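Secondary and tertiary structure notes
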Amino acid sequence: MQVYNGKSVFGGIAIGKIQVYSKGEQQVKRVKIEDTEAEIARYKAATDTAISQLKGLYEKALKEVGEANAEIFEIHQMMLEDDDYQESVENIIKTQNINAEYAVAQTGDNFAEMFSSMDDEYMRGRAADVRDISERLLTVLHGKEEQSIHAGEPVIIVADDLAPSETVQMDKDMVLSFVTVHGSLNSHTAILARTMSIPALIGTDIPLDGTADGKLGIVDGTNGVIYVDPDEETLAKLKEAQQKEVEKKELLLALKGKENITLDGQRLMLYANIGNIKDLAAVLQNDAGGIGLFRSEFIYLEKDNYPTEEEQLQIYKTVAETLAGKRVIIRTLDIGADKQCDYFEMEQEENPAMGCRAIRICLTRPEVFKTQLRALFRASVFGKIAIMYPMITSVKEVRRIKKIVEEVKKELEEQGIAYGEPEQGIMVETPAAAIISDQLAEEVDFFSIGTNDLTQYLLAIDRQNIALDEFYDSHHPAVLRMIAQVVENAHKAGIWVGICGELGADLELTQEFLAMGVDELSVSPGRILPIRKIVLETNVAEYKASHQKTW
Ligand code: PEP
Ligand code: MG
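Keep in mind it's a predicted model, so treat the numbers as computed, not measured. (Residues numbered from 1 in each chain as written. Chains lettered and ligands numbered in written order. Predicted model: local features only at pLDDT ≥ 70, side-chain atom pairs only at ≥ 80, totals over all residues. Heavy atoms only, no water.)

Per the counting criterion, the structure on display carries nine aromatic pairs. The interplanar angle of 80° and the centroid separation of 6.1 Å between the aromatic rings of Phe 369 and Tyr 389 together place this pair among those described as edge-to-face. Here the residue Phe 369 occupies a position in helix 13 (residues 366-379), and Tyr 389 occupies one in strand 12 (residues 384-389), the gap between them amounting to 20 residues. Taken as a pair, Phe 369 and Tyr 389 share a single burial class, namely buried. Through a chain of ring-to-ring contacts, three or more aromatic side chains come together here, namely Tyr 300, Tyr 306, Tyr 343 and Phe 344. When the ring centre of Phe 382 is taken as origin, the NZ or CZ atom of Lys 317, which lies over that ring, is 4.9 Å away. (Phe/Tyr/Trp six-rings, centres within 6.5 Å; stacked < 30°, edge-to-face > 60°. Helix = DSSP H or I, 4+ residues; strand = E, 2+ residues; numbered from the N terminus. Buried < 20%, exposed > 50% of the residue type's maximum accessible area, 1.4 Å probe, protein only. Lys NZ or Arg CZ within 6 Å of the ring centre and 35° of its normal.)

Moving on to the nonpolar core. Counting residues in hydrophobic clusters, the biggest one holds 84 residues, and the most contacted among them are Tyr 389, Phe 447 and Ile 483. Discounting residues that sit within four places of it in the chain, Phe 447 has contacts with Ile 426, Val 428, Ser 437, Leu 440, Ala 441, Val 486, Ala 490, Ile 495, Trp 496, Val 497 and Gly 498. Tyr 43, Ala 50, Leu 57 and Ile 98 belong to the second-largest nonpolar core, a separate cluster that totals 36 residues. (Core = buried A, V, L, I, M, F, W, Y, C linked by side-chain atoms within 4.5 Å. Contact = heavy atoms within 4.5 Å.)

Around ligand 1 sit 15 residues in total, of which Arg 295, Arg 331, Gly 450, Asn 452 and Arg 463 are the nearest. Thr 451 is positioned such that a nitrogen or oxygen atom in its backbone is 3.1 Å from an oxygen atom of ligand 1. Within the backbone of Asn 452, one N or O atom sits 2.8 Å away from an oxygen atom of ligand 1. Look at ligand 1: alone it shows 290 Å² of surface, and the protein chains cover 98% of it. Where the shell around ligand 1 is concerned, the elements lending two or more residues are strand 10 (291-295) and helix 17 (451-459). (Near = heavy atom within 4 Å. Polar contact = N/O pair within 3.5 Å; in protein donor to acceptor, adjacent residues only side chain to side chain. Areas by Shrake-Rupley, 256 points an atom, 1.4 Å probe, with all protein chains shown as cover.)

The sheet built from eight strands is open, its strands ordered 1-8-7-3-4-5-6-2 with mixed pairing. Every interior strand has two partners, whereas the edge strands, strand 1 (2-5) and strand 2 (7-10), have only one. Within the sheet, the average angular offset between the axes of one strand and its neighbour, ignoring direction, is 30°. As judged from the three bridges shared by strand 2 and strand 6 (residues 200-202), these two strands associate in the antiparallel manner. Bridged to Phe 10 within strand 6 is Ala 200. Taken strand by strand, helix 8 (residues 232-255) contacts strand 3 (13-21), strand 7 (216-220) and strand 8 (225-228), and its axis lies near 115° from that of strand 3. (Pairing = 2+ DSSP bridges. Axes fitted to C-alpha atoms, helices over the stretch in contact; angles between N-to-C directions.)

Now for the packing of helix 4 (residues 100-116) against helix 5 (residues 121-141). Running from N to C, helix 4 and helix 5 cross one another at 175°; their axes reach a closest spacing of 7 Å. By the criterion of interaxial angle, the relationship of helix 4 to helix 5 is roughly antiparallel. Across from Ala 100, Glu 101, Val 104, Ala 105, Gly 108, Phe 111, Ala 112, Phe 115 and Ser 116 in helix 4, the residues of helix 5 making contact are Met 123, Arg 124, Arg 126, Ala 127, Val 130, Arg 131, Ser 134, Leu 137, Leu 138 and Leu 141. Residue classes in the contact of helix 4 with helix 5 are distributed as twelve nonpolar, three polar and four charged. (Parallel < 35°, antiparallel > 145°, perpendicular 65-115°, else oblique. Nonpolar A, V, L, I, M, F, W, Y, C, P; charged D, E, K, R; others polar.)

Contact geometry of helix 17 with helix 18 (residues 477-492) gives a least axis separation of 10 Å together with a crossing angle of 125°. What the angle tells us is that helix 17 and helix 18 run oblique. Between helix 17 and helix 18 lies a crossing whose hand is right-handed. The residues of helix 18 that touch helix 17, namely those facing Thr 451, Leu 454, Thr 455, Leu 458 and Leu 459, are Ala 478, Val 479, Met 482 and Ile 483. Grouping the amino acids of the contact of helix 17 with helix 18 by side-chain chemistry returns seven nonpolar, two polar and no charged. (Left-handed = near helix turned anticlockwise from the far one by under 90°.)

Once that is clear, we can look at the pattern of salt bridges. Going through the model one piece at a time under the given rule, you end up with 32 salt bridges. Salt-bridge contacts for Lys 339 lead to Asp 334; the nearest nitrogen and oxygen are separated by 3.6 Å. Of the residues examined, Lys 339 reaches a relative accessible area of 12% and is grouped as buried. With its nearest N and O atoms 2.9 Å apart, the salt bridge here joins Lys 402 to Glu 443. Of this pair, Lys 402 sits in helix 14 (residues 395-414) while Glu 443 sits in the loop between helix 16 (437-441) and strand 14 (446-449), and the two are 41 residues apart along the sequence. Taking the relative accessible area as the measure of exposure, Lys 402 reaches 35% and is therefore partly exposed. It is possible to trace a salt-bridge network through shared partners that takes in Glu 309, Glu 310, Lys 370, Arg 374, Arg 378, Lys 403, Glu 407 and Glu 411. (Salt bridge = Lys/Arg side-chain N within 4 Å of Asp/Glu carboxyl O.)

This part covers the pairing of strand 4 (residues 155-159). With five of its five residues buried, strand 4 lies for the most part within the structure. Bridge count between strand 3 and strand 4: five bridges; the pairing is parallel. Across the sheet, the residue bridging to Ile 18 is Ile 156, located in strand 4. Where strand 4 lies against strand 5 (residues 175-180), five bridges are found, and the strand directions are parallel. Counted as the bridge partner of Val 158 is Val 179 from strand 5.

Function cannot be read off these values alone, since they describe shape.
Written as C-alpha cells, this is what we have:
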C-alpha cells in the first residue's frame, strides 16, 4: 500500500480504480508562412469555434452546477475576445511571419507568466485560465477533437492539474473523485469540484509515472489522503466510513434544491453562519439560501494588525459573488468579551462580557468602524450584502450608527467610489433591545436574534463558564417568550426577523420557531438540511392546535 497526502477540496470517501490522466502534450511547431492575412483569418475562425464550444460548456455547466460556477466559461469567452490577447497573437503572426499555432502558444505562455507573477492571489489563479483557452485554440487549430475524460467504469482521476473545462466535462457517473498534483484551493476547478460534490484533493505528492494507473485507490477527501493498493484493514475501515457518508448523503441529496416550505405553506429562509471564506464550500454544499451571519471579527482575529479597507473589500466581494445574488448578512466586528485582539489595545476589564465590545468599540473608534463600513458599502455593488450591527441596546445607538453611515456614503460619493445600498439590520441579543424591539423595528430593515448572548444576559449566566452549564437553560421560558415578543414586534413594524444564535439550530425548537412566525434561521451549514426536513414535514396550524405553550 502506498499513501500520499494532499489538500482537501471536498470531503467524502471514494473507492475505485485509478486512472492517471495525461493531457497528451500539444506539440507546437514554428512554421514560416507567406500569407499573414490568411493566417490571421485562420486564427479568427478558430476563435469563433472555441467560443461556440465554450457556449456549449456554459449551458452544460449552468444546468449541472448553477450560474455562479458556469460563469467561468463566459469568462473564458471574454478572455478569447480580449483585445490584448488578440492583438498579441495577430502581432506575432504579422511581425514574425509565423503560424497561428505558434503565436497562440507564445501568447498563452506570456500571459500565463504575467498572471503568475501578480501579487493578487485571484489574478495568479487566472494563469490556469489563460493556459486553458490557449490549449483550446490549439486543439481547434490542430483540427483535433476536444479532449475529454472517457472511462469505461467509474474511476478516480489522478492528474497533474485539471482545467475547469476538463472538470466540467467529466461524466459525473464515471468519476468517483479527482486528485491533482497541482491546482489551488481558490481555482474555479476547486469551486466546481465542491459544487459537483466529488471528493477531491489538490497538491498531492502522488507520482504521475503511471505506477498507480489501473490500481485500486481510496481517496479520503476529508483527511486529504489517497491510498494506492490499500491493505485489507484500511479498505475495510474506509468502506465502513464510506457507508456512513452514503447514509448521510442520501438524506441530504433528497432535500437539496427543495424550498423550505411547511405542509400548510409557511416559508422559512434557511441561511448559514460563517466565520471565514473557507466556509463557503459548505454553504453551497448544504444548499443554504444565503448567509445569515458572517462573523466579520474573525478577519480581525486572524491578523496582527487592522485589516485594511481593500483587504476587507476583497473578502466581502468574494462572499457576495460566490453567493451569486443570495443575501449575505455581514455583521460588523464583534471584538471584545471572549474575542480579544491585541492590536486593539483594549483596557483590562473586570467584566469583559459587559464591557467595551462590539458596537461600543465601533462607536468609540469611528475610524475603525468607518474602514469596515466603506468596505461593506463598496462590496455591496457585487451582490446582495446586508449589514448587521451587534450588541445594540438603544435607539440612540442606532441613530449614531446611521449618522456615521451617512458620513461614509458622503465620503465615497465625493471620492467618486462606487457603492451599493445594503439592507441594514441589528442583532437583538441584549434584553434591552428585545424589550424595546417595537421601537428599534421602526429604525432598521431586519432583526436577527442572537440567542447566545440574549440567554447569557437574560439568565445572568456567563456563556463561557462551563461550571454553570446545569443552570444555562437555553429553553428557559424567559428566552422563548422574549423571542416570540421580538418576532411579534418585528412583524407589527413590517420587518422580517431571524435567529442566528445556536438556538436557531436546535431541532427540538424548529416547529416552535415556525409557530412563532420566525422568518429566518441562520445555522451552521451542516444543520440546514436536517432543519429543512422538519420544515417540510410540519403543518404549523396543526402544531399550534396540538401543542401547549410552555413559555
Ligand atoms: C449570539 O450572541 O447569539 C450570536 C450569534 O453572536 P456571537 O455568538 O458571535 O456572540
Ligand atoms: Mg452575540
